[in-house]
Amino acid sequence: MEQLTTRIGIEPGLGLVGRFGDTVIVIPRGEAVTRPDDVAHELLELAAEVGSDRQAPANAIASRLAQWVIGHMSGEAPAFGIVAPMRDGVVMFLRGAVWCTITEGGATREVSGEQALTWVDLIVPGTFERLAIGGAVGRPVQADPLSDLRAGVVPGEGFVLVRFVGMP
């Protein structure tokens, strides 16, 4: 079996990008935050929990994220995008003004969280070459070519996940 290696490039910005194992989340924020953001903190904790269970099936991951969004619908559930590993691919979940481009076999498709009243969730087969999630709809994520987030949370407006087979 081939070993799958991923590199996570970060686009600088005012939002947050977190990596927890192979689970990656972006929470765009339009202005500098001068106080703690409890909702963003909750989302980062949820991403860490999702990332800790590598055996969770796709529907369980999507259900967990959907339950969080439903629980925050009366308030301001922020826009976010997350990818979580599953067998033979990743679960991609978008909420609000975030979008995702997926490149596979020379073709690229784009999905936006704004296309849905609630959220968009998809299974992306593990054959993709590049997956990018960002907060600026209509413009490609411009990841810093030297960035490679291994773990933790950093400021950022988007991320690019690139797959390598074997060692990059």
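Details of the structure are given in the entry above.
This one's a predicted model, so the numbers in the text were calculated from it and none came from an experiment. (Residues numbered from 1 in each chain as written. Predicted model: local features only at pLDDT ≥ 70, side-chain atom pairs only at ≥ 80, totals over all residues. Heavy atoms only, no water.)

A. Fine view of the overall build of the protein. When its secondary structure is counted, the protein shows two helices and eleven strands. Listing every helix and strand of the protein by position from the N terminus yields β-β-β-α-α-β-β-β-β-β-β-β-β. Per-residue burial over the protein gives 48% buried out of 168 residues. Counting only contacts in the protein whose residues sit at least 6 apart along the sequence, the fraction spanning at least 24 positions is 68%. As displayed, the protein has an accessible area near 8800 Å², and 54% of this comes from carbon and sulfur atoms. (Helix = DSSP H or I, 4+ residues; strand = E, 2+ residues; numbered from the N terminus. Buried < 20%, exposed > 50% of the residue type's maximum accessible area, 1.4 Å probe, protein only. Contact = heavy atoms within 4.5 Å. Areas by Shrake-Rupley, 256 points an atom, 1.4 Å probe, with all protein chains shown as cover.)

B. Quick peek at the sheet that holds strand β4 (residues 80–86). Strand order in the open sheet formed by six strands is β8-β5-β4-β3-β2-β10, and the pairing between neighbours is antiparallel. Each end of this open sheet is capped by a strand with a single partner; those strands are β8 (120–125) and β10 (152–155). For this sheet, the mean inter-axis angle between neighbouring strands, taken without regard to orientation, is 15°. Where strand β2 (residues 16–20) lies against strand β3 (residues 23–27), five bridges are found, and the strand directions are antiparallel. (Pairing = 2+ DSSP bridges. Axes fitted to C-alpha atoms, helices over the stretch in contact; angles between N-to-C directions.)

C. Structural detail: the environment of Ala 56. Position of Ala 56 among the secondary structure elements: in the loop between α1 (38–52) and α2 (58–71). Relative accessible area serves as the criterion here: at 14%, Ala 56 is assigned to the buried category. Expressed as a C-alpha distance, the spacing of Ala 56 and Pro 85, which sit 29 residues apart in the sequence, is 8.9 Å.

D. Main features of the packing of aromatic side chains. Going through the model one piece at a time under the given rule, you end up with three aromatic pairs. Summarising the aromatic geometry, the rings of Phe 93 and Trp 119 are spaced 5.8 Å apart at their centres and angled 20° between planes, so their arrangement reads as stacked. One end of the pair, Phe 93, is in strand β5 (residues 89–95); the other, Trp 119, is in the loop between β7 (107–112) and β8, with 26 residues separating them in the sequence. A residue is classified by how much of its surface remains accessible, and Phe 93, at 0% relative accessible area, is buried. Members of the aromatic cluster, each reached through a chain of ring pairs, are Trp 68, Phe 80, Phe 93 and Trp 119. Sitting over the face of the ring of Phe 128, Arg 163 holds its NZ or CZ atom 5.6 Å from the ring centroid. (Phe/Tyr/Trp six-rings, centres within 6.5 Å; stacked < 30°, edge-to-face > 60°. Lys NZ or Arg CZ within 6 Å of the ring centre and 35° of its normal.)

E. Structural context of the pattern of salt bridges. One pass over the full model with this rule turns up three salt bridges. The partner of Arg 19 in a salt bridge is Asp 22, and the shortest N-O contact between them spans 3.1 Å. Take Asp 22: its relative accessible area is 29%, and that puts it in the partly exposed class. Salt-bridge contacts for Arg 150 lead to Asp 148; the nearest nitrogen and oxygen are separated by 2.9 Å. On the basis of relative accessibility, which here comes to 63%, the residue Arg 150 falls in the exposed class. Given a relative accessible area of 27%, Asp 148 falls into the partly exposed group. (Salt bridge = Lys/Arg side-chain N within 4 Å of Asp/Glu carboxyl O.)

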